[in-house]
Amino acid sequence: MQERERAESAARQAAAQLTAQDVRGVALTWVDNAGISRVKAVPTSRLAHAARRGVGASPCFDVYLVDDSAVTSRHIGGPDGDLRLFPDLDRLTVLAAQPGWAWAPVDRYEQHGVPYAACQRQFARRMADAATARGLRLRMGFETEWVVMHANGHEPPRYGCSGPAYGMTRVVELSDYLRDVLDALTAQQVEVLQIHPEYSPGQFEVSVAPSDPVGAADLSVLVRETVRAVSRRHDLDVSFAPVVEPGGVGNGAHLHLSLWRDERNLCRGGDGPYGMTDECESFLAGVLRELPALLALGAPTPASYLRLEPSRWAGVYRCWGLEAREAALRFVTGAPDDTGAANAEVKCFDAAANPYLVTGAVIAAGLAGLDDGLRLPPPAAGDPAVTGGQERLPTSLAEALEHFERSELLRRALGDPLFEAIAAVRAGEVKLFEGLAPKDVAAATRRRY
Ligand code: GLU
Ligand code: MG
């Protein structure tokens, strides 16, 4: 409890600073198993109380589906029970595009103070700690892709710009908007690496500097909500959904990762493929082995499989390769004198995923690869849709769910309550969208994420 008292006093100081900056409310978020960021907000004057006692919230959200309907699972579900949300004050951020607001992610605890078994953020931290226990450290970062549409909910959507893919025209068309996205992220101390138009109509991407696994997941929430808030101020609607309309390139949320021992990046300077170390190779081979099951976390909704089509750079084949954009796992070496640059990118994931589940589960899979001393298969090149010879990842959520349910590794890592709640949510979404035409699945989800 001493820890809580310390947090209370830190929160009191933080609240005084927030008040001086005219911040009236603090949004406290977590991400549910369907990938929706849920929130409780407190007035700035209650932040210290929240840090000491937590804020109440039902555990039922862990079995919510993307349409806000609920299922049940063995350990979680139903109207009873209450949790306490504790803000992580180290991440407290004044929101640049929501004047008067600040934000912090939360860890969720039981009433009597023990960690809540299905807290996804603490799961990610446990997995990061498991790596630390072996003297390993992960650096991770999510790319954020989104599509801008005219506001007012036009159906079908009208895109917020008309310039070509990767075209400077789009930067000219939405010059003030993109500047405001950059300004807001910078004001929030988020280090932006790149921002650019993407392939699909109205699509953009921003990438930010890597951080520790929990930090990367926090950032993916903060970046997304910042983009959303700036979009609203420019009268634009935004979609982070896997697809806005089926039949084209969708929104991915690729996960970049590098493995470190002390100050050494294990993705380079070794004797393995393209200079990776044995440890890095085993870690990546572990991720590749688990990928069909991981897809149930990283591509968690039927709409995800409308995005996961060959020849769209979504990485639908269970293979890896150097700068291979059709492989699920793309290895990047970077410049020879840029030690931090070598990394691997998991391409098949999208932003319907809970980023805490993704980072935690990828670490669990990688560490198991280390335990088993796995080696990577030969690298792939080109488009397997043309060259053939590569295994396709699951093509439906139902298929990914079968792999997930068989994964003892993920069950052990997640623990039964969280594992079973996730499985129930996945089965619920399979059923929810069963028999629906792709365009109806897209329409039902494009404004949800
Ligand atoms: N939008 C593509 C996807 O669905 C990714 C494009 C890229 O490689 O950045 O994942
Ligand atoms: Mg991209």
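S.K.: With reference to specific residues and values, describe the pairing of strand S15 (residues 343-346).
M.R.: The alternating pattern of S15 places Asn343 and Glu345 on one face and Ala344 and Val346 on the opposite face, and all of these are buried. Bridge count between strand S11 (residues 255-261) and S15: 3 bridges; the pairing is antiparallel. Bridging across to S15, Leu255 finds its partner in Val346. As judged from the 4 bridges shared by strand S14 (residues 327-332) and S15, these two strands associate in the antiparallel manner. Looking across to S15, one finds that Leu329 is bridged to Val346.

S.K.: Can you tell me about the coordination of the magnesium ion (ligand 2), naming the residues and giving the values?
M.R.: Those protein atoms acting as donors to the magnesium ion (ligand 2) are Glu145 (OE), Glu198 (OE) and Glu205 (OE), and they sit at 1.9 to 2.2 Å. When the donor residues of the magnesium ion (ligand 2) are listed from N- to C-terminus, their spacing reads E-x52-E-x6-E. Classification of Glu198 as buried rests on a relative accessible area of 9%.

S.K.: Could you give an account of the nonpolar core, with specific residues and numbers?
M.R.: Residues Tyr177, Leu284, Leu291, Phe349, Phe404 and Leu410 are the most contacted members of the largest nonpolar core, which totals 127 residues. If near-sequence neighbours (up to four positions away) are discounted, Leu291 is found in contact with Ala328, Val346, Cys348, Phe349 and Leu393. Ranked by size, the runner-up nonpolar core spans 21 residues in total, among them Trp30, Ala50, Ala51 and Val106.

S.K.: Please set out the packing of helix H7 (residues 278-298) against helix H11 (residues 397-406) residue by residue, giving values where relevant.
M.R.: Any two packed helices are characterised by the angle at which their axes cross and by the distance between the axes. Orientation of H7 relative to H11, taken along the N-to-C sense of each, is 115°, at an axis distance of 7 Å. Taken as axis vectors, H7 and H11 run roughly perpendicular relative to one another. For the pair H7 and H11, the crossing hand works out as left-handed. Mapping the contact onto sequence places Pro292, Ala293, Leu295, Ala296 and Leu297 in H7 and Ala400, Leu401, His403 and Phe404 in H11. The residue makeup of the contact of H7 with H11, split by class, is 8 nonpolar, 1 polar and no charged.

S.K.: Give a detailed account of the site of ligand 1, specifying residues and quantitative values.
M.R.: What surrounds ligand 1 is the set Glu145, Glu198, Glu205, Val249, Gly250, Gly252, His254, Arg307, Arg312, Trp313, Ala314 and Lys347. Glu198 is positioned such that a nitrogen or oxygen atom in its side chain is 3.0 Å from an oxygen atom of ligand 1. Take Arg307: an N or O atom from its side chain is 2.7 Å from an oxygen atom of ligand 1. Surface burial for ligand 1 is 94%, taken as the share of its 300 Å² of free accessible area covered by protein chains. In terms of residue class, the shell around ligand 1 is made up of 3 nonpolar, 3 polar and 6 charged.

S.K.: Go over the side chain of Thr277 with me, naming the residues and quoting the values.
M.R.: Its place among the elements puts Thr277 in the loop between strand S12 (264-265) and H7. Taking the relative accessible area as the measure of exposure, Thr277 reaches 7% and is therefore buried. Here the side chain of Thr277 touches Cys280 through a polar contact of 3.1 Å, landing on its backbone nitrogen. Each residue touching Thr277, except ones within four places of it in the same chain, is listed here: Arg264, Leu266, Arg268, Gly269 and Gly270.

S.K.: Any chance you could break down the packing of aromatic side chains for me, citing the residues and the numbers?
M.R.: Each aromatic ring pair is specified by the distance between its two centres and by the angle formed by the two planes. Under the criterion given, the structure shown has 7 aromatic pairs. Ring geometry for Trp320 against Phe331: centres 6.5 Å apart, planes inclined by 80°, an arrangement best described as edge-to-face. Separated by 11 residues along the polypeptide, Trp320 in strand S13 (residues 317-322) and Phe331 in strand S14 bring together distant segments of the chain. Taking the relative accessible area as the measure of exposure, Trp320 reaches 2% and is therefore buried. A residue is classified by how much of its surface remains accessible, and Phe331, at 1% relative accessible area, is buried. One aromatic cluster is present, formed by Trp30, Phe61 and Tyr64 through successive ring pairs. Positioned over the ring face of Trp313 is Arg325, at 5.3 Å from the centre of the ring.

What counts and how
Residues numbered from 1 in each chain as written. Chains lettered and ligands numbered in written order. Predicted model: local features only at pLDDT ≥ 70, side-chain atom pairs only at ≥ 80, totals over all residues. Heavy atoms only, no water. Buried < 20%, exposed > 50% of the residue type's maximum accessible area, 1.4 Å probe, protein only. Helix = DSSP H or I, 4+ residues; strand = E, 2+ residues; numbered from the N terminus. Pairing = 2+ DSSP bridges. Donors = N, O, S within 2.8 Å, 3.2 Å for Na, K, Ca; no water. Core = buried A, V, L, I, M, F, W, Y, C linked by side-chain atoms within 4.5 Å. Contact = heavy atoms within 4.5 Å. Axes fitted to C-alpha atoms, helices over the stretch in contact; angles between N-to-C directions. Parallel < 35°, antiparallel > 145°, perpendicular 65-115°, else oblique. Left-handed = near helix turned anticlockwise from the far one by under 90°. Nonpolar A, V, L, I, M, F, W, Y, C, P; charged D, E, K, R; others polar. Near = heavy atom within 4 Å. Polar contact = N/O pair within 3.5 Å; in protein donor to acceptor, adjacent residues only side chain to side chain. Areas by Shrake-Rupley, 256 points an atom, 1.4 Å probe, with all protein chains shown as cover. Phe/Tyr/Trp six-rings, centres within 6.5 Å; stacked < 30°, edge-to-face > 60°. Lys NZ or Arg CZ within 6 Å of the ring centre and 35° of its normal.

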